[in-house]
Every structure is written in C-alpha cells, then in structure tokens.
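What follows is the residue order along each chain.
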Amino acid sequence: MDSLENLPEPFGAGGVDADPGAGRTYHVRFSVGEDYFGTAVEVPVTVVDGARDGPTVFLTAAIHGDELNGVKVLQEVATRYRPEELHGTIVCLHVCNPPAYQAQQRYIPIYDQDLNRAFRGGERSTTAQRMAGRIYDGFVRHCDLGIDFHTSTRNRTTMFHVRADLEDPVVERLARAFGSNVVLFGSGSRGTLRRAATEDGIPTITVEMGRAHRFQPRLIEEAIEGVDSVLAEYELLPGRPVRWPGWYEATSGDGEKRWLRADTGGLVEMVWGPYPLVAEGEAICAITDHFGLEKRVVTAPFSGLIVGYLENPVALPGHPVCHLVRIDRETRGEIEREIPRGEFDGYRIHGELWSDE
Ligand SMILES: [Zn+2]
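Rules and cut-offs
Residues numbered from 1 in each chain as written. Predicted model: local features only at pLDDT ≥ 70, side-chain atom pairs only at ≥ 80, totals over all residues. Helix = DSSP H or I, 4+ residues; strand = E, 2+ residues; numbered from the N terminus. Buried ≥ 20, exposed ≤ 12 C-beta atoms within 10 Å, placed from the backbone. Contact = placed C-beta atoms within 7 Å. Expected span 1.5 Å × (residues − 1). Core = buried A, V, L, I, M, F, W, Y, C linked by C-beta atoms within 7 Å. Domains from an automatic or database assignment. Pairing = 2+ DSSP bridges. Nonpolar A, V, L, I, M, F, W, Y, C, P; charged D, E, K, R; others polar. Axes fitted to C-alpha atoms, helices over the stretch in contact; angles between N-to-C directions. Parallel < 35°, antiparallel > 145°, perpendicular 65-115°, else oblique. Left-handed = near helix turned anticlockwise from the far one by under 90°.

**Things to note about the overall build of the chain**
Part 1 of the reasoning: Of regular secondary structure, the chain possesses seven helices and 17 strands.
Part 2 of the reasoning: In terms of principal-axis extent, the alpha carbons of the chain reach across some 70 × 50 × 35 Å.
Part 3 of the reasoning: In the chain, which comprises 357 residues, the proportion classed as buried is 46%.
Part 4 of the reasoning: At a minimum sequence separation of 6, the contacts of the chain that also span at least 24 residues come to 65%.

**Comments concerning helix α6 (residues 217–233)**
Part 1 of the reasoning: Helix length check: α6 (17 residues) gives 24 Å between terminal C-alpha atoms against 24 Å at 1.5 Å per residue, within 8%.
Part 2 of the reasoning: By the burial criterion, the buried members of α6 are L219, I220, E222, A223, G226, V227, D228, S229, V230, L231 and E233.

**As for the nonpolar core**
Part 1 of the reasoning: By size, the foremost hydrophobic cluster in this structure holds 101 residues, and its most contacted members are I135, V321 and C322.
Part 2 of the reasoning: Per element, the largest residue contribution to this core is six residues, and it comes from α6.
Part 3 of the reasoning: When residues are assigned to domains, this core turns out to be shared by domain 1 (4–251) and domain 2 (255–347), each giving three or more.
Part 4 of the reasoning: Here I135 is in contact with V32, V43, L93, C96 and V140, once residues within four sequence places are set aside.

**A few points about the environment of T151**
Part 1 of the reasoning: Relative to the helices and strands, T151 is located in the loop between β5 (145–150) and β6 (156–164).
Part 2 of the reasoning: Linking T151 and H213, residues 62 residues apart in sequence, is a C-alpha distance of 9.2 Å.
Part 3 of the reasoning: When sequence neighbours within four positions are dropped, the list of residues in contact with T151 reads E67, N69, T158, E208, M209, G210, R211 and A212.

**Some details on the sheet that holds strand β11 (residues 266–270)**
Part 1 of the reasoning: If you walk across this open sheet you meet the four strands as β14-β13-β11-β16, and the pairing is antiparallel. For this open sheet the edge positions go to β14 (295–299) and β16 (314–315), each flanked by a neighbour on one side alone.
Part 2 of the reasoning: Where β11 lies against β16, two bridges are found, and the strand directions are antiparallel. In the strand pairing of β16, G266 is matched with A315.

**Quick word on the domain arrangement of the chain**
Part 1 of the reasoning: Domain boundaries assigned for the chain yield domain 1 (4–251) and domain 2 (255–347).
Part 2 of the reasoning: Taking only C-alpha atoms, the centre of domain 1 and the centre of domain 2 are 30 Å apart.
Part 3 of the reasoning: Facing the 12 residues of domain 1 at the interface are 15 residues of domain 2.
Part 4 of the reasoning: The biggest single contributor to the side of domain 1 that touches domain 2 is β6, with five residues.
Part 5 of the reasoning: Its residues assigned to classes, the side of domain 1 that touches domain 2 comprises three nonpolar, seven polar and two charged.

**Section: unusual backbone geometry**
Comment: phi is negative for the bulk of residues other than glycine, and the bulk of peptide bonds are trans.
Part 1 of the reasoning: Residue R120 is bonded to the preceding F119 through a cis peptide linkage, with omega at 5°.
Part 2 of the reasoning: Mapped onto the secondary structure, R120 falls in the loop between α2 (98–103) and α3 (127–138).
Part 3 of the reasoning: The omega torsion across G273 and P274 is 0°, close enough to zero to call that bond cis.
Part 4 of the reasoning: When you line up the elements, P274 lands in the loop between β11 and β12 (277–278).

**Side note on the pairing of β5**
Part 1 of the reasoning: Most of β5 is tucked away, with six of its six residues classed as buried.
Part 2 of the reasoning: By the alternation rule, side chains of β5 split into L145, I147 and F149 and G146, D148 and H150, which are all buried.
Part 3 of the reasoning: Taken together, the four bridges between strand β3 (residues 52–60) and β5 define a ladder with parallel strand orientation. Note that in β5 the partner of L59 across the bridge is I147.
Part 4 of the reasoning: Sheet topology note: the β5/strand β8 (residues 204–210) ladder contains five bridges and is parallel. Residue pairing for β8: I147 is matched across the bridge by I205.

**As for the packing of helix α4 (residues 169–178) against α6**
Part 1 of the reasoning: It is the contact of α4 with α6, at a shortest axis distance of 7 Å, that shows an interaxial angle of 130°. In terms of orientation, α4 lies oblique with respect to α6. Residues L174, A177 and F178 of α4 form the contact with α6, whose own contacting residues are G226, S229, V230 and E233.
Part 2 of the reasoning: Grouping the constituent residues of the contact of α4 with α6 by class yields four nonpolar, two polar and one charged.

**Re the environment of G226**
Part 1 of the reasoning: Within the secondary structure, G226 sits in helix α6.
Part 2 of the reasoning: Judged by the 24 C-beta atoms lying within 10 Å of it, G226 falls in the buried class.
Part 3 of the reasoning: Spatially, the C-alpha atoms of G226 and A177 are 7.4 Å apart, while their sequence positions differ by 49 residues.
Part 4 of the reasoning: G226 has contacts with F178, G179, S180 and V207, leaving out every residue within four places of it along the chain.

**A short note on the packing of helix α1 (residues 69–80) against α6**
Part 1 of the reasoning: The contact between α1 and α6 brings their axes to 9 Å, and the two run at 50°. If you check the angle between α1 and α6, you find them oblique. As α1 runs across α6, the sense of the crossing is right-handed. Here α1 contributes N69, K72, V73, E76 and V77 to the contact with α6, which in turn contributes L219, I220, A223, I224 and V227.
Part 2 of the reasoning: Looking at the contact of α1 with α6 residue by residue, the class counts come to seven nonpolar, one polar and two charged.

Here it is, written out as structure tokens:
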C-alpha cells in the first residue's frame, strides 16, 4: 500500500512524482468521510502512472453499493497494463460508495441518499454531497475522460449498453471507442457523475451491465475489451486496435424511455423474445393471480427496444416490469436486418449480454 503523499501530481496530497520517467502503479486508500466512530471511510484507489505522457482516464465503480460487475472490471484493469508501456495515467476508484458497499445496498444506508445524484458535491452539504465532492475534487476533476460502471438494481437486469451525451462530439468519440452496440443518448440526470464531469469538459460515459450482487464473467470481459479499446483510441496504448462496433444503435435516452409498471399484484411471466424488440401493442409480459384465473397482459405502448426487465417473478401494483426505449421505424428496420446476421444474438432473452445463462 502506498501513502497518499506519494501519489504523483495532481492527485492525493499533491506529492511530486519522484521518478517521472519510470512509470509506476500506486495503490492507496483515499478518505471520503468518516463513520459514527470517527474512523475514516476510505475508497481504494489505484493509479497506474505511465512512463510516458498522455491523457488521464478515470474509471469508477460501485457508486451504487450493490453494483458489483464494475468492481471486478476495475480489479482486473488495476493489474492489466504495465506502467512502462502506458502513455498517460489510469485512475481506478474501485468502490466509490464504501458505506453502501459494506451494506450491499444501492444507496448510502444513512437516510438512503443516492451518491449518483450528488455530483460534483459540496463541502458543507449532505453526507452524499461531501463524499461526492471528495471523489470529484480528489480525482475526477484532474482527469481528461472517464467511464462509470453500473448495473441494474436488485431483482432486475439491464442489457449491456452505454449511456452518453452523443450531441457532444467529444463524448461520441469516447462512446464509440468503447465499442458497445447499443448506446442510449442523453445528458443524464442532474447530479450524476457522468453529467457533472461531461459539463466540466471531461467526456464521461456510463456503462450499464447486467445485475446487482453478481459477477457476470461474460459482461466483465466485454467491459474490459471496451476499456482496452478506449485506451487504444486515446493513445494511452499506441498501436493497439480500437474496437469500433460492427453495428451500432444510438437511441434517445431522454423522454422516450419508460419503465412499464404492473397494475395488479401477481406472478410475472415475460413473453417477449427472443430478441428485445417489440412493436406497439405487442405483449411484453403477463401477470397472473395465484389461482391462475386472472391474467393481465402488459403491452408495449410504443415500438421499442427492451433494455431492462424484472427478474424477480412476483410483482405488486407499481412495480417496474420492463424498461422500454422508443425506436423509430428506420432503427427497427436496421436491427431486424442485423438479427439474421447473428449480431443481436447476445441480446436474446437470457442471452449473454444480459446475463450468463
Ligand atoms: Zn448504478
């Protein structure tokens, strides 16, 4: 473990890189607050300081404490690249929300604050804002671009996809370099790390991948390949291949996406599939009472792409059952042409880009 003082400029306590030409990996614990006992609450951080100059890239995981796939991605990345071959710096903030992580829940356990609505933070504000501020000012502010890893919340799953503000060409370059086939565009909610950093001129994308409380090896591998590709595109690893997606669908994430909700309690059965594409009026799932007598079918209010769905098969009125994003006729046609080519196979229900089943 390294001490914070040893971190090269401009991180941590602002120590000076003793040997700037050598390149080195630093592992530190960075305090973002304290618990009831006054003990420091610390984020594990790895800084891979390349031997050559280049951009600084941040990677963040577990801003929501139960979202673990990204934690595994960052653990792999921390030892994947040799500082001697790196042109630039990689900063891995392994677990951004330690109290939520320790409780294995989404929000900060005290007052259920959402850390991902608290960026860029503030010193004299809530616990969440103070944590966000420490993370932002300590690391994110000093970076050139970033990738924030998330999963669905518990009992649901989300398709492997990127969220990015594609209207900004600088962000579009990053989103494309990551190489995801599906990108939801939009600036993101106020207070998200992605939006705050992007507004500050640090292009940032969110990667959504699978389920909470799990490591899903296929998705983790896909994400690591995305990181490789981003490092190649920004020449932290010059000469390596950039993985431009063979096909690529950008769909509006603002206003035209909706969680469809159950109107009755009961047992839920998904009927969409095998591909996550539904036409207006088509059945998505059926909710049946325990006697098997009353069946209510949830249909698509518009033609769209299913990007998330409920996995726990019991529902109450108001429970979200399916996350649908509107797509236009042209996009639908393009996806339909990709299906016979096998390009959408990973996205079939229970396919590899949802889960590992
Ligand atoms: Zn999340």
